[in-house]
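Topology and contacts: notes
Here are the chains, one letter per residue:
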Amino acid sequence: MTTRPERRRAGGRGLAARGRGLGLGLGLAAVALACAPEPAEAPTPVGIRRLTRFEYDASIHDLFGVDVEVARDFPADAHAHGFDGIASAQALSPLQVELYLFAAEEVAGAVALGPAGAALLGECAAVPWDLSQCTGDRLAELLGRIWRRPPSAAELGRIRGLFELGVEEGGDPREGLRLALEAALLSPHFLFRPERDPAGAGAHPVDGYAYATRLAYFLWSAGPDDELLELAAADRLEDDAVIAAQVRRMVADPRSARLVDALFGQWLWFRGLGDVFRDGHRYPRFDEALRGSMDAAIRGRVAGLLARGGDLRDLLRDPIGLVDPRLAAIYRMDAPAGEGLVAVDLGPQQRRGILTEPALMTVLAHPFATSPARRGRFVLEAILCEPPAPPPASAPAEPMSEAATARERFAQHRADPACAGCHATLDPIGLAFERYDAIGAFRGSEGGALIDPAGALPGLGAFADGAELAERLADDPRFLRCAIEKTMTYALGRAPDDGDAETLEAIEARVRARDEDVVELLIAVAQSRPFRERTPLAEAPPRGGVGR
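Conventions adopted
- Residues numbered from 1 in each chain as written.
- Predicted model: local features only at pLDDT ≥ 70, side-chain atom pairs only at ≥ 80, totals over all residues.
- Heavy atoms only, no water.
- Helix = DSSP H or I, 4+ residues; strand = E, 2+ residues; numbered from the N terminus.
- Buried < 20%, exposed > 50% of the residue type's maximum accessible area, 1.4 Å probe, protein only.
- Contact = heavy atoms within 4.5 Å.
- Areas by Shrake-Rupley, 256 points an atom, 1.4 Å probe, with all protein chains shown as cover.
- Disulfide = S-S within 2.5 Å.
- Phe/Tyr/Trp six-rings, centres within 6.5 Å; stacked < 30°, edge-to-face > 60°.
- Lys NZ or Arg CZ within 6 Å of the ring centre and 35° of its normal.
- Patch = residues over 30% accessible without salt bridge, like charges linked within 9 Å, V, L, I, M, F, W, Y side chains within 5 Å.
- Salt bridge = Lys/Arg side-chain N within 4 Å of Asp/Glu carboxyl O.
- Lys, Arg positive; Asp, Glu negative; His and termini not counted.
- Charge placed at Lys NZ, Arg CZ, Asp CG, Glu CD.
- Core = buried A, V, L, I, M, F, W, Y, C linked by side-chain atoms within 4.5 Å.
- Polar contact = N/O pair within 3.5 Å; in protein donor to acceptor, adjacent residues only side chain to side chain.
- Expected span 1.5 Å × (residues − 1).
- Pairing = 2+ DSSP bridges.

So, on to the overall build of the protein. Assigned secondary structure in the protein consists of 26 helices and ten strands. Scored against the burial criterion, the 548 residues of the protein give a buried share of 54%. Put simply, of all contacts in the protein between residues at least 6 apart along the chain, 70% involve residues at least 24 apart. Carbon and sulfur atoms form 53% of the exposed surface of the protein, whose accessible area is close to 23400 Å².

Okay, here's the thing in structure tokens:
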């Protein structure tokens, strides 16, 4: 009796062998994946982006309506510049190629042999069937959706050959569909987001299908839907008005919940909540139910901002939060009436925006205690885009002493000249949030001593506590510039460089003139020159790796 992995390997070897026999070259495709260039040392204007694990599963769901979650078995995606979709960091190992093969087999089987397969085959699912009527337009349409562009005649012919072989061997059109789907999903045209460069051209606008793909993965973490593909076919995605209308449509779609996870969750670090551990003796209230409430509340805050096209500054200053009975205990307030999460004014509880959300306070803490250093670093890195210098190799992660409060411990830490420079900025920020413990619950004292959250910083002035600091940060012009830089990095799959400076300045002026509307920011990025253009590899500056 064979195990599931053995059956998968046997099926994969069979598919590769069949592909070579028909000229599909699936074995060569796997070799091509395995021989992809090593990641560049620095981001470049070019680079083929590979689907992240999150994008792979989202793409499969949107294509076929199935939730197989096969990407959980893939190696973790490398992070660079705060995100997991940076082209220069996306290495590819032989193990990952093999796992792609297994995933393609599992997805193809689930789709072709289930209800989705009958829907895809339509009248071709009937037996007896007419091969000539079942492998033309229907396969072309299917490949166009999977590869996010129309297939060439040669590509369609090779996939049709696999379909016919599957029918011949299995005696059922569903077997033909299964084999064709395996091939399509194993192809680099699905696993990557290739964009063709005109020979000898410099920087140039990407074609309509590549632009539709960029926009869809930017806002939905999945491929373009039929409406975007139709606009691409009609060359209508060069029109700013059409782009703006599409961004608004896509943000209003439920699939934009993925934008909350992939852009905001990584930029603002709350995507890491699922990996948090807490000592059960010190924090007995922290369980999976509370973790789920925290996660839903912070995501709901961001989703609400997107839905209403709100002011970006509300991310930091809005006192309205989502509360259920579990979170009410953390906030030390009466549970709100009604079921589930309810919008409540948290101003009286000294809360403002995401910076005092229990989810974020939990992520920015240690398993056994708070971490002023980590909270300060988060604000500098994610809110102001001014990350502190790395600490000296000999410096401890947190100050160690018998002092009762974090303020006293960090004052002793700053006495070390090697630590004083960074901590002069880190400490006032991190200590402002000391009234929120390692699961974000409000507290007034530590070790029997009252907590003093007041502080002051050049450019921000004096602040009484974390809530007041959040309001100061919201009004700091560095916050909008940082939000634009983070959004551009996520959208482009690379960090902005000197050549993007003019674009960033134009976006800032535009968004500031529109009351810092978050949807206007997304539109401005989607309409920007770097998002619409591609620089061919031969024209890219030699910056290492794939750029040489």
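After that view of the structure, there is still more to cover.
Another point: the state of the cysteines. Overall, the coordinates contain one disulfide when judged by the stated rule. Each disulfide pairs two cysteine sulfurs, and for C385 the partner residue is C482, the sulfurs being separated by 2.0 Å. Linking C385 and C482, the disulfide has an S-S dihedral of approximately 75 degrees and is accordingly described as right-handed. One end of the pair, C385, is in the loop between helix 19 (372–383) and helix 20 (406–414); the other, C482, is in helix 23 (residues 477–492), and 97 residues separate them in sequence. Note on C482: relative accessible area 1%, which makes it buried.

Here we take up the packing of aromatic side chains. For the structure on display, the rule yields twelve aromatic pairs. Seen in terms of ring centroids, Y56 and Y100 are 6.2 Å apart; in terms of plane orientation they differ by 15 degrees. Their pairing is stacked. Here Y56, found in helix 3 (residues 53–64), pairs with Y100, found in helix 4 (residues 94–112); they are 44 residues apart in sequence, far enough to count as distant. Through pairs of rings, three or more aromatic residues link up here, namely F83, Y211, F218, Y490 and F531. Geometry around F54 places R271 over its ring, the cationic atom sitting 5.0 Å from the centre.

With that settled, consider a negative patch on the surface. A cluster of acidic residues, D207, D235, E238 and D239, forms a negative patch on the protein surface. The residue E238 is located in the loop between helix 12 (226–233) and helix 13 (240–252) in this model. Judged by its relative accessible area of 65%, E238 is exposed.

Right, let's talk about the nonpolar core for a bit. If you look at the biggest cluster of nonpolar residues, it comprises 102 residues, and the most contacted ones within it are L215, F264, L315, L355, F378 and I383. Apart from the residues within four sequence positions on either side, F264 is in contact with L259, W269, F270, V302, L306, L315 and V518. Of all hydrophobic cores here, the second largest spans 48 residues; its members include L179, A180, L181 and L185.

The next point concerns the environment of S371. Turning to its location among the elements, S371 is positioned in the loop between helix 18 (358–363) and helix 19. Each C-alpha atom, one on S371 and one on L431, is 8.8 Å from the other, the two residues being 60 residues apart in sequence. Of the polar contacts made by the side chain of S371, one reaches the backbone nitrogen of R374; its length is 3.1 Å.

Once that is clear, we can look at unusual backbone geometry. Excluding glycine, most residues fall at negative phi; most peptide bonds, likewise, are trans. A positive phi is found at H81, a non-glycine position, where the angle reads about 55 degrees. Inspection of the secondary structure assignment puts H81 in the loop between helix 3 and helix 4. A relative accessible area of 39% means that H81 is categorised as partly exposed. For C385, which is not glycine, the phi dihedral falls at a positive 55 degrees.

So, on to helix 23. The first and last C-alpha atoms of helix 23 sit 23 Å apart over 16 residues, in line with the 22 Å expected at 1.5 Å per residue. With 13 of its 16 residues buried, helix 23 lies for the most part within the structure. At the exit of helix 23 stands G493, carrying a positive phi of roughly 75 degrees.

This next bit is on helix 4. The end-to-end C-alpha separation of helix 4 is 27 Å, in line with the 27 Å expected for 19 residues at 1.5 Å each. Of all 19 residues making up helix 4, 14 are buried, and the element is well covered by its neighbours.

A one-sided burial pattern is seen for strand 4 (residues 320–323), the buried positions being G321 and V323 and the unburied ones I320 and L322. In this structure, strand 4 lies alongside strand 5 (residues 342–345), joined through four bridges in antiparallel fashion. Note that in strand 5 the partner of V323 across the bridge is V342.

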